[in-house]
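Coordinate analysis (summary)
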Amino acid sequence: MPHKNENMAKKGLFDCTVVSNETLNHSYFMLRLQADGLPAMRPGQFVEVRIDHTPDAFLRRPISLHDVQAAEGIISLLIQRVGAGTQHLATLKPGDTVNVLLPLGNGFSLPENGDRRPRVLVGGGVGIAPLLYLGRTLAGQGVPVSFLLGFRSQREMLDLSAFEAVGSVYITTEDGSVGEKGFVTNHSLLQNGQPGFIQTCGPTPMMKAVAAYASAHGIPCEVSLENKMACGLGACLCCVTETQTGHKCVCSDGPVFNISELTWQI
Amino acid sequence: MADLRVDIRGLQLSNPVLTASGTFGYGLEFADFVPLERLGGIIVKGTTIARREGNPYPRMAEVPSGMLNAVGLQNKGVDYFVDHIYPQLAPIAANWIVNVSGSCVEDYAATAEKLAGLEHISAIEVNISCPNVKQGGMSFGTTTQGAGSVVRAVRKAYPKTMIVKLSPNVTDIAEIARAVEAEGADSVSLINTLLGMAVNVKTRRPVLSTVTGGLSGPCVKPVALRCVWQVAKAVQIPVIGLGGIMTATDAIEFLLAGATAVEVGTANFIDPSVTMKIIDGINTYLEENGFQSVQQIIGKLEV
Ligand SMILES: Cc1cc2nc3c(=O)[nH]c(=O)nc-3n(C[C@H](O)[C@H](O)[C@H](O)COP(=O)(O)OP(=O)(O)OC[C@H]3O[C@@H](n4cnc5c(N)ncnc54)[C@H](O)[C@@H]3O)c2cc1C
Ligand SMILES: Cc1cc2nc3c(=O)[nH]c(=O)nc-3n(C[C@H](O)[C@H](O)[C@H](O)COP(=O)(O)O)c2cc1C
Ligand code: FES
């Protein structure tokens, strides 16, 4: 059941115009979309993009808000090419129209009562996508932000200047080709000091390792889950995750969960 | 504006477009996209006597032009519905219809009885595609005896409009329809999902946690149309058609094949406002073809 939260913006369907579609590396691209009258959107919320003209991609594709320029009505999506749906999105040209359902999900929690304790935002692979808008929003509220971003190798790396403009950026790669070698949880940032709050998005094994670290050190931690979705509205119950209080919808109760709500064995 | 009203044995619908159970939540999830009062009716999520957690994730697999689901009737039970959900629905002037599921005949009847007292629930839709736990788990809807036994029990417990939702996973769907008509069903709706399966060759495992699941979406439409056509010829009671309806044209195909009304399911996931487009599109079709009323096209397929 949707609890009618008064703070939640009305959801809508928007025919967005492609402003730009830029190839970033061998598999990532940045799709920027514009529409008038977009509602307020919170970091960690996501959109569902309709894929037309491809029989192989029937359902909408959930994609995080990477960045929002509210005044211009522009949203940026950082997307990894995976299958037919994302492949199709990679071919969109400036001026093309794409139908987007937004804003969906709960979003990351933001500080209350002027709390300015530093936060570490941990991302892996394309899971770094929602952290830019989160970091920018936090920094705007005076919260010191560090990004700890893990990539497989140099080949997967992206231009991170947008992140660097918001906070300090720390990198790990599995092969050591950039930053520290290893996984995010091995990074000296986490080994030498303890952040006040961790928010993370990335592959499930990475998020579980981060959650285990956080829980071992008593640090509050939020994770953003990626489950397969159909409606995105909390109606079909396809996207559920196990929680302490039974199945919850990742699309409407999440995608962001505090690790204390989940039943992860960590 | 053509006259879109249809009648399901006393249940008056302002237009023939309803939403299919399990695809439209409790309606409220779609309130930002659809003025709920404009729908012909809203069939809410499958409701059982006791709370059900449903099946483990993964419960959904996308397939070409459709999807498989194995939600497994997750719901909080009929008492929770009556106490917590119904009060939110009652103030909205729509035809609210509750989809009733069960694992034994007694549970169906007990659930229906609890719903019978709710003034703003116009009808129930009895989902007989559920496994009969007392008889080896075979679906009630696959035999005339199984289907008949559920309908007989629910008929005693529920005086208002009773729609019975048929499974397509049978040899002769018209035979099942005749059996439920004989036991006092006011209407039949069809089709429920087709049993299907998806395999992941990378992991060499099934995609769904339950291995098999229910297929829906435009890929099932030809099967659904065939079933509706066969059943409409076999029974006197009104038939509600569904399965893969994405557009007004699809809906009109079902009306021509003999459906008095239609339900829209999976299409709500692709376009949450699609039902409004379908209602408007049916009206446009009627006007453009010189019909004053939707009644004039129901069952008018020329064969
Ligand atoms: C809340 C949320 C936010 C996301 N944010 C981003 C993002 O910012 N950038 C990005 O690149 N990707 C993101 N994803 C993952 C993205 O949705 C999938 O990569 C995409 O749906 C794959 O579609 P496809 O047709 O290319 O791949 P296919 O593998 O062909 O897709 C087949 C089916 O599986 C589903 N699917 C496949 N992979 C995933 C996945 N990882 N998560 C959920 N469903 C999946 C598809 O939606 C489709 O229904 C997000 C997922 C969720 C749930
Ligand atoms: C996610 C999902 C959940 C469903 N849940 C139910 C249910 O609880 N009860 C029921 O009778 N049918 C349920 N159905 C079946 C639909 O109501 C409908 O019969 C079927 O999907 C075919 O129509 P469509 O192709 O328009 O979706 C469900 C279908 C889907 C996709
Ligand atoms: S995707 Fe439908 S409930 Fe989450």
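**Things to note about the site of ligand 1**
By nearness alone, 20 residues border ligand 1, and Pro62(A), Gly85(A), Thr86(A), Glu226(A) and Glu62(B) come closest of all. Neighbouring residues of ligand 1 are not confined to one chain but are distributed across chains A and B. Within the backbone of Leu78(A), a nitrogen or oxygen atom sits 2.8 Å from a nitrogen atom of ligand 1. Between an oxygen atom of ligand 1 and a side-chain N or O atom of Thr86(A), the distance comes to 2.5 Å.

**Focus: the pairing of strand S10 (residues 187-190) of chain B**
Residue and element names in this part refer to chain B. Of the two faces of S10, the one holding Ser187 and Ser189 and the one holding Val188 and Leu190 are both buried throughout. Following the backbone out of strand S9 (residues 161-165), through helix H4 (residues 173-182) and into the adjacent parallel S10, one traces a crossover that is right-handed. Where S10 meets strand S15 (residues 239-242), three bridges bridge the pair, whose relative direction is parallel. Across the sheet, the residue bridging to Val188 is Val239, located in S15.

**Thoughts on the interface of chain A and chain B**
Counting from both sides, the interface comprises 33 residues of chain A and, opposite them, 38 residues of chain B. Note on chain A versus chain B: buried area summed over both sides is about 3000 Å², and carbon and sulfur give 62% of it. A salt bridge links Glu62(B) to Arg61(A); the nearest nitrogen and oxygen atoms lie 2.7 Å apart. Linking chain A with chain B are nine residue pairs in polar contact (both at pLDDT 80 or more), by the criterion used here.

**Some thoughts on the packing of aromatic side chains**
Residues and elements named next belong to chain B. A full pass over the atoms with the stated rule returns four aromatic pairs over all chains. Ring centres of Phe24 and Phe30 lie 4.2 Å apart, and the angle between their planes is 20°; on these two criteria the pair is classed as stacked. With a relative accessible area of 0%, Phe30 lands in the buried category. Ring geometry for Tyr26 versus Phe81: centroids 6.2 Å apart, planes at 35°, classification tilted. With Tyr26 in the loop between strand S3 (17-19) and strand S4 (41-47) and Phe81 in helix H1 (residues 78-89), this pair connects stretches of sequence that are 55 residues apart. The pair Tyr26 / Phe81 is uniform in exposure class, with both members buried. Above the face of the Trp229 ring, Lys233 is positioned so that its terminal group lies 3.6 Å from the ring centre.

**Examining the site of ligand 2**
Lining the immediate surroundings of ligand 2 are 23 residues, of which Ser21(B), Lys165(B), Gly217(B), Gly244(B) and Thr266(B) lie closest. At the site occupied by ligand 2, nearby residues are drawn from chains A and B. One nitrogen or oxygen atom from the side chain of Asn99(B) is found 2.9 Å from an oxygen atom belonging to ligand 2. In this structure, Gly217(B) approaches ligand 2 through a main-chain N or O atom, which is 2.9 Å from an oxygen atom. Alone, ligand 2 offers 610 Å² of accessible surface; in the complex the protein occludes 97% of this.

**What about unusual backbone geometry?**
In this structure, the amide linkage connecting Gly254(A) to the following residue, Pro255(A), adopts the cis form with an omega of 10°. Of note, the amide linkage connecting Tyr57(B) to Pro58(B) takes the cis form, showing an omega dihedral of -5°. For His53(A), which is not a glycine, the phi torsion comes out positive at approximately 65°. Topologically, His53(A) is positioned in the loop between strand S3 (46-49) and strand S4 (61-64).

**Some details on the packing of helix H6 (residues 248-256) of chain B against helix H8 (residues 274-288) of chain B**
All names here are of chain B. Closest axis-to-axis distance for the H6/H8 pair is 8 Å, and the angle between their directions is 65°. Here H6 runs over H8; the crossing is right-handed. Together, Ala248, Ala251, Ile252, Leu255 and Leu256 of H6 and Lys277, Ile278, Gly281, Ile282 and Tyr285 of H8 make up the contact between the two elements. Residues that form the contact of H6 with H8 fall into these classes: eight nonpolar, one polar and one charged.

What counts, and where the lines are drawn
Residues numbered from 1 in each chain as written. Chains lettered and ligands numbered in written order. Predicted model: local features only at pLDDT ≥ 70, side-chain atom pairs only at ≥ 80, totals over all residues. Heavy atoms only, no water. Near = heavy atom within 4 Å. Polar contact = N/O pair within 3.5 Å; in protein donor to acceptor, adjacent residues only side chain to side chain. Buried < 20%, exposed > 50% of the residue type's maximum accessible area, 1.4 Å probe, protein only. Helix = DSSP H or I, 4+ residues; strand = E, 2+ residues; numbered from the N terminus. Right-handed = clockwise from strand over helix to strand, strands pointing away. Pairing = 2+ DSSP bridges. Contact = heavy atoms within 4.5 Å. Buried area = accessible area lost by both parts, 1.4 Å probe. Salt bridge = Lys/Arg side-chain N within 4 Å of Asp/Glu carboxyl O. Phe/Tyr/Trp six-rings, centres within 6.5 Å; stacked < 30°, edge-to-face > 60°. Lys NZ or Arg CZ within 6 Å of the ring centre and 35° of its normal. Areas by Shrake-Rupley, 256 points an atom, 1.4 Å probe, with all protein chains shown as cover. Axes fitted to C-alpha atoms, helices over the stretch in contact; angles between N-to-C directions. Left-handed = near helix turned anticlockwise from the far one by under 90°. Nonpolar A, V, L, I, M, F, W, Y, C, P; charged D, E, K, R; others polar.

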